[in-house]
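So you can see what is in the structure, the chains are spelled out below.
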Amino acid sequence: MTRSRRKAPRRSFGAIRKLPSGRYQARFPGADGILRAAPQTYETKREAELFLAQIQADQARGDWIDPTAGEVLFAEYATRWIDERGVAATTDELYRRLLRLHLESTFGDQYVNAISPAKVRTWRAERRKATGATTTAKSYRLLKAIMQTAVEDDLIRRNPCSIRGAGREDADERPVATVEQVFALAEAIGIRWRLMVLLGAFASMRPEELAELRQADIDLDTGSVRVRRAAPELNTGRRVIGDLKSRAGKREIMLPGFVLLDVRRHLEWFAKDGPDGLVFVGERGAALRGTTFGRKWRKARDAVGMPKEFRFYDLRHTGNTLAADTGAKLKDLMVRAGQSSERAQLIYQHSTKAHQRKLADDIDANVRSQSTSVDRGSGAAPRIVPSLAPPARAARRK
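How each quantity is defined
- Residues numbered from 1 in each chain as written.
- Predicted model: local features only at pLDDT ≥ 70, side-chain atom pairs only at ≥ 80, totals over all residues.
- Heavy atoms only, no water.
- Helix = DSSP H or I, 4+ residues; strand = E, 2+ residues; numbered from the N terminus.
- Buried < 20%, exposed > 50% of the residue type's maximum accessible area, 1.4 Å probe, protein only.
- Contact = heavy atoms within 4.5 Å.
- Areas by Shrake-Rupley, 256 points an atom, 1.4 Å probe, with all protein chains shown as cover.
- Polar contact = N/O pair within 3.5 Å; in protein donor to acceptor, adjacent residues only side chain to side chain.
- Salt bridge = Lys/Arg side-chain N within 4 Å of Asp/Glu carboxyl O.
- Pairing = 2+ DSSP bridges.
- Axes fitted to C-alpha atoms, helices over the stretch in contact; angles between N-to-C directions.
- Patch = residues over 30% accessible without salt bridge, like charges linked within 9 Å, V, L, I, M, F, W, Y side chains within 5 Å.
- Lys, Arg positive; Asp, Glu negative; His and termini not counted.
- Charge placed at Lys NZ, Arg CZ, Asp CG, Glu CD.
- Core = buried A, V, L, I, M, F, W, Y, C linked by side-chain atoms within 4.5 Å.
- Expected span 1.5 Å × (residues − 1).
- Arc of directions from axis to C-beta.

Visitor: Tell me about the overall build of the protein chain, and name the residues and values.
Guide: Helix and strand content of the protein chain: 14 helices and six strands. Residues counted as buried form 41% of the 398 residues belonging to the protein chain. Restricting to contacts in the protein chain with at least 6 residues of sequence separation, those with at least 24 account for 64%. With an accessible surface of roughly 22300 Å², the protein chain has 49% of that area assigned to carbon and sulfur atoms.

Shown next as structure tokens:
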């Protein structure tokens, strides 16, 4: 009596078949139940079984990634990533520029799951030679953020951007204007724009905050300015009026006393009428434009002898340095400058209006002690403009 051959037990996961070449092909079910072939064939059936066991274990742990899920073009995925961020207009513009100029040329037509650590290293090395360290760091941070979202979307298993410190910017130290240089810039730029320079320095206000400052934001009784909105100007020239980038940007700034006379004069002579009137407008009453003001700023900067890399934004460094020299608490300094960071939030300190008033008074005393451009008398105007008469066209009061 012949013994019948025992059948092999039915496989509970996947399937293995022997190909005409003699090698073995393993197939496994994806999340949709459809069998997928392994990326390679195996010399022995045992090797194919080990592959299926590993896939089954990965799926049980939730670690399995569908190898076809990441077959989406990086350019398409990155564009959609930016669209879904909902970031401020200036940040949106920066992301799209970095993507267009520094990422798409290398990764644009590649699948997301084909971007490897080796490709990222090669791209970074080439970018550093072509554009420098700062732009490369910005581009790398964007690439890393996009690829991290791809990990969270289960398109890839690991983020290929793993170069330690590659996203850090080691920018050169910015120049800091002295008190005398600030007043010299305010004089050189002309009476219409003088207050912008003073507020940029001694109130640590950003240019986009000044561009959207309204009459109702200034309280002469308390000597304060409320920063509520901003109007940054994109590279296209479009003004984008809206909320500030962070909650810390919304703040009330107590002004040093020596600035108040300039504030009153400016509101009288140049600001648009009404509580909602813009404080800073051009000669024809139009909203402040970066290109127009930029020409005046560069001319004043050159007249004073400041370095060409000195930007209007750098005036904030003067104000921040003066405020720090008063011995103010870190929280007070950050409230005044409209700054926020995780480190600062971990410090349990509180900034009250009384603290802010004292800080402004201390700046006032500090500037008066350093500068011959400010009269020592209470509330006196800077002596660098001995007699300021209202412009012939604007001897008016709203």
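So much for the structure itself; the text now carries on.
Visitor: Which residues make up the environment of Arg229, and what values do they have?
Guide: Locating Arg229 in the fold gives a position in the loop between strand S5 (224–227) and strand S6 (251–254). Arg229 gets classed as partly exposed once you look at its relative accessible area, which sits at 36%. When the C-alpha positions of Arg229 and Arg214 are compared, they lie 9.5 Å apart, and in sequence the two are 15 residues distant. For Arg229, the side chain forms a polar contact with the side chain of Glu212, separated by 2.7 Å.

Visitor: Break down the pattern of salt bridges for me, with residues and values.
Guide: The tally for this structure, following the rule as stated, stands at 18 salt bridges. Across the pair Glu212 and Arg229 runs a salt bridge whose closest N-O atoms are separated by 2.7 Å. Residue Glu212 is found in the loop between helix H8 (207–211) and strand S4 (218–219), and its partner Arg229 is found in the loop between S5 and S6; the two are separated by 17 residues along the sequence. Across the pair Asp217 and Arg228 runs a salt bridge whose closest N-O atoms are separated by 2.6 Å. You can see Asp217 sitting in the loop between H8 and S4 and its partner Arg228 sitting in the loop between S5 and S6, a full eleven residues away along the chain. Of the residues examined, Asp217 reaches a relative accessible area of 3% and is grouped as buried. Given the relative accessible area of 42%, Arg228 is considered partly exposed. A single network of salt bridges, built from pairs that share partners, joins Glu212, Arg214, Arg229 and Asp276.

Visitor: Explain the sheet that holds strand S2 (residues 24–29) to me, and be specific about the residues and the numbers.
Guide: The sheet built from three strands is open, its strands ordered S1-S2-S3 with antiparallel pairing. Looking at strand neighbours, the two that pair on one side only are strand S1 (15–18) and strand S3 (35–37), the edges of this open sheet. For this sheet, the mean inter-axis angle between neighbouring strands, taken without regard to orientation, is 30 degrees. Packing against the sheet, helix H1 (residues 45–61) makes contact with S1 and S2, and its axis sits at approximately 15 degrees to S2.

Visitor: Before we move on, can you summarise a negative patch on the surface with the specific residues and values?
Guide: Taken together, the side chains of Glu84, Glu152, Asp153 and Asp154 present a region of like negative charge at the surface. In this fold, Glu84 is placed in helix H2 (residues 74–85). For Glu84, a relative accessible area of 54% corresponds to the exposed category.

Visitor: Mind laying out the nonpolar core, listing which residues take part and the relevant values?
Guide: Counting residues in hydrophobic clusters, the biggest one holds 48 residues, and the most contacted among them are Val197, Leu199, Phe202, Met205, Phe280, Trp297 and Leu315. Looking at this core element by element, the count peaks at seven residues for helix H7 (residues 194–202). In contact with Val197, other than residues within four places in its own chain, are Val182, Leu185, Ala186, Ile189, Trp297, Phe312 and Leu315. Core analysis: the next-biggest nonpolar cluster, separate from the first, contains 25 residues, Ile82, Ile115, Ile146 and Val151 among them.

Visitor: Run through helix H4 (residues 117–131), naming residues and quoting values.
Guide: Under the 1.5 Å per step criterion, the end-to-end length of H4 is 21 Å for 15 residues, consistent within 8% with the ideal 21 Å. Buried within H4 we find Val120, Trp123, Arg124 and Arg127. The buried residues of H4 occupy one face: seen down the axis, they fall within an arc of 105 degrees. Positive phi shows up at Gly132, right after H4, with a value of about 100 degrees.

Visitor: So what about the sheet that holds S4? Which residues, and what values?
Guide: Spatial strand order, S4-S5-S6: three strands in an open sheet with antiparallel pairing. Each edge of the open sheet carries a strand with a single partner, namely S4 and S6. Strand direction decides the pairing type here: S4 and S5, joined by two bridges, are antiparallel. Looking across to S5, one finds that Asp219 is bridged to Ser224.

Visitor: How would you summarise the side chain of Gln110 if you had to cite specific residues and measurements?
Guide: Within the secondary structure, Gln110 is located in the loop between helix H3 (89–107) and H4. Since its relative accessible area comes to 18%, Gln110 is described here as buried. Look past the residues within four positions of Gln110 in its chain and what remains in contact with it is Val72, Leu73, Phe74, Ile115 and Lys119.

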